[in-house]
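# Inside the fold
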Amino acid sequence: MSRTFTRLLFGGMIIMTAGVSTATRADEPRLSIVNPPNLFDPTPNGYSTAAIVPAGARVAYISGQGGQDSTGGLSADFAAQVKQAYANLGAALAGIGAKPEQVAKLTVFVVDHDMSKLGVLTESVAAMFGETLPAQTLVPVPKLAVDPMLFEVEAIVVLD
């Protein structure tokens, strides 16, 4: 084997293996949810303080999901849009082979937010995530990409 070919072969093997992540043991958690006892408990509001992603995990970013149905239609009702947006998020998760318990972080955008909308938001998050509530940030906004849109949710997901 020529010296040049040997270097290319060896270098290619290094490049090929550099992108391979090491798997964690089956008994190690994939995602850790943390709510420190010295902070206000955010779980009644539908989120957790922090989520720890294990070393070597692959991470996916799901872009903002609004309340459009499969035809692009939007209800004028805030609660209907939120419910549909979470259904769309569920479909996006399934599309990448993930489940809700793998979501580390949500960012939600609410048009003309006021406290009356928190109940709808909390109910929708609890319905999708149960007790494994991801970290979450709510951002009040004056409008979203499409004028009738009232709600949008994006996610950061830890893949197996």
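Okay, so let's go over this structure. (Residues numbered from 1 in each chain as written. Predicted model: local features only at pLDDT ≥ 70, side-chain atom pairs only at ≥ 80, totals over all residues. Heavy atoms only, no water.)

Glancing now at the overall build of the protein. Regarding its fold elements, the protein presents three helices and six strands. Overall, the protein shows an N-to-C arrangement of helices and strands of α-β-β-β-α-β-α-β-β. Relative to its full complement of 160 residues, the protein shows a buried share of 31%. Look at the contacts in the protein between residues 6 or more apart in sequence, and 75% of them connect residues 24 or more apart. In the structure as shown, the protein presents an accessible area of about 9700 Å², 60% of it carried by carbon and sulfur atoms. (Helix = DSSP H or I, 4+ residues; strand = E, 2+ residues; numbered from the N terminus. Buried < 20%, exposed > 50% of the residue type's maximum accessible area, 1.4 Å probe, protein only. Contact = heavy atoms within 4.5 Å. Areas by Shrake-Rupley, 256 points an atom, 1.4 Å probe, with all protein chains shown as cover.)

Inspection of the secondary structure puts Asn-88 in helix H2 (residues 78-95). You can call Asn-88 buried: its relative accessible area is 17%. If we skip the residues at most four places from it in the chain, Asn-88 touches Gln-65, Gly-66, Gly-67 and Gln-68.

Further remarks concern the environment of Gly-73. Following the sequence through the fold, Gly-73 ends up in the loop between strand S3 (58-66) and H2. What makes Gly-73 partly exposed here is its relative accessible area of 27%. In the structure, Gly-73 is positioned 75 residues away from Pro-148 in sequence and 9.8 Å away in space, judged by C-alpha atoms. Those residues in contact with Gly-73 that sit more than four places away from it in its chain are Gly-67 and Gln-68.

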